[in-house]
Amino acid sequence: MLPRKWYPLVSNLAPRINLMQVLSPTGKELSFLRFTTSTTTARGALSLAAFLLLAIAPAIRAQSGPRPEESLTSLTVAEQYLLAAANQDRANQGLPALRLDPVLTRASAFHAREMAEHDAISHQFPNEPELAERGSNAGVHFSRIAENVGEAPTSVIIHNLWMHSPGHRANLLDPNVNTIGIAIVSRNHQLYAVEDFASTVEPLTLTQQEHAVAGVIAQAGLQVTDATKDARETCTMPTGYVGSRRPWFIMRYTAASLDEIPTQLKTRLTSGKYHQAVVGACSANSSSPFTSYNIAVLLYP
């Protein structure tokens, strides 16, 4: 599904807004980006594949408490207004405040300068990376990213235009994002504004990923043993397993959050058939700008 874009038919002197929303690596809203399962029985092995087309849950909750002072003082008055107005509108809807991300703000500033230099609003200019790549190049780790851009004499006008446009309003009030980057560049008495929204994914080591998933599985009453090299190698395989001990069930899945496990795995954990589990994590073999976790769970009697 292609990102949504809107180009209003107005003159260059009038306020202009535009939006782009990239929901996920595949363009669809996904909770578990993919998962596969394998069940081993006395008669042989059976492989199943399924995809859950659900809304992405936030990878990390927006941090509460005051933001670092240097992050706020680096914003202009106009940029501070956009941040305050966005979070006020979210609070009015019972949504958590967005955390100002200085790394995402650098990506926003790069694009705001491009718009001012071109005297135009767009989400990508010639020889400029597209939104997701721009965020990744800046060093942001995310499973979801979206963008609002606008041009007007004041930031008050820009925010009001965004809030009265369904697509821009949806980006501002998206419950599935937790960080924001804001940048404004002035040219010829016009402000070129960029707001980038992201659902950030915490960069974790393989061991940290395995411990997080093991904690969720342990709550179901299973004994979770330490990850092994075989479990990690099994994670990298599309089917089958590595090692001399045959698991009764294997699930491989990719997700943006480690707080939840796939529903089918939950059902297996509560079936009473399995009493031991091993979790293996592996790195993504992909050049995608989106960040996710690759996990394999091996269940034994």
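Data block above holds the structure.
We now turn to the structure provided with this report.

Basis of the calculations
- Residues numbered from 1 in each chain as written.
- Predicted model: local features only at pLDDT ≥ 70, side-chain atom pairs only at ≥ 80, totals over all residues.
- Heavy atoms only, no water.
- Phe/Tyr/Trp six-rings, centres within 6.5 Å; stacked < 30°, edge-to-face > 60°.
- Helix = DSSP H or I, 4+ residues; strand = E, 2+ residues; numbered from the N terminus.
- Buried < 20%, exposed > 50% of the residue type's maximum accessible area, 1.4 Å probe, protein only.
- Axes fitted to C-alpha atoms, helices over the stretch in contact; angles between N-to-C directions.
- Parallel < 35°, antiparallel > 145°, perpendicular 65-115°, else oblique.
- Left-handed = near helix turned anticlockwise from the far one by under 90°.
- Contact = heavy atoms within 4.5 Å.
- Nonpolar A, V, L, I, M, F, W, Y, C, P; charged D, E, K, R; others polar.
- Pairing = 2+ DSSP bridges.
- Polar contact = N/O pair within 3.5 Å; in protein donor to acceptor, adjacent residues only side chain to side chain.
- Core = buried A, V, L, I, M, F, W, Y, C linked by side-chain atoms within 4.5 Å.

Structural notes on the packing of aromatic side chains
- This model, assessed by the stated rule, comprises two aromatic pairs.
- Taking 5.4 Å as the distance between ring centres and 75 degrees as the angle between the ring planes, the aromatic pair formed by Phe142 and Phe290 counts as edge-to-face. Separated by 148 residues along the polypeptide, Phe142 in strand 5 (residues 142–152) and Phe290 in the loop between strand 10 (276–282) and strand 11 (293–300) bring together distant segments of the chain.
- Relative accessible area serves as the criterion here: at 12%, Phe290 is assigned to the buried category.
- Consider the rings of Phe249 and Tyr274, whose centres lie 6.3 Å apart with planes at 45 degrees: the pair is tilted. On the criterion of sequence distance, the pair formed by Phe249 in strand 9 (residues 249–255) and Tyr274 in the loop between helix 9 (263–269) and strand 10 is long-range, its members being 25 residues apart.
- Taking the relative accessible area as the measure of exposure, Tyr274 reaches 5% and is therefore buried.

Structural notes on the packing of helix 3 (residues 102–118) against helix 4 (residues 131–138)
- Running from N to C, helix 3 and helix 4 cross one another at 130 degrees; their axes reach a closest spacing of 8 Å. In terms of orientation, helix 3 lies oblique with respect to helix 4. Both helix 3 and helix 4 take part in a crossing whose hand is right-handed. Taking contact as the criterion, the partners of Val103, Arg106, Ala107, Phe110 and His111 in helix 3 are, on helix 4, Arg134, Gly135 and Ala138.
- Residue classes in the contact of helix 3 with helix 4 are distributed as four nonpolar, two polar and two charged.

Overview of the pairing of strand 5
- Among the 11 residues of strand 5, 11 are classified as buried, and the element is accordingly described as predominantly covered.
- Here 10 bridges tie strand 5 to strand 7 (residues 190–200), and the two strands are oriented antiparallel to one another. Each bridged residue has a counterpart across the sheet, and for Phe142 the counterpart in strand 7 is Thr200.

Structural notes on the side chain of Thr254
- With respect to the helices and strands, the residue Thr254 is situated in strand 9.
- For Thr254, a relative accessible area of 5% translates into the label buried.
- For Thr254, the side chain forms a polar contact with the side chain of Asn294, separated by 2.6 Å.

Some points on unusual backbone geometry
- Although it is not a glycine, Asp119 adopts a positive phi angle of roughly 50 degrees.
- Within the secondary structure layout, Asp119 lies in the loop between helix 3 and helix 4.

Let's talk about the nonpolar core
- Membership of the largest hydrophobic core comes to 23 residues, with the highest contact counts inside it found for Val213, Ile217, Tyr253, Leu265, Ile295, Val297 and Leu299.
- Looking at this core, the elements that each hand over two or more residues are helix 7 (206–218), strand 9, helix 9, strand 10 and strand 11.
- Leaving out residues up to four positions away in the same chain, Val297 has contacts with Val213, Ile217, Phe249, Ile250, Met251, Tyr253, Leu265, Val278 and Val279.
- Residues Leu82, Leu83, Leu173 and Ile184 belong to the second largest nonpolar core, which totals 22 residues.

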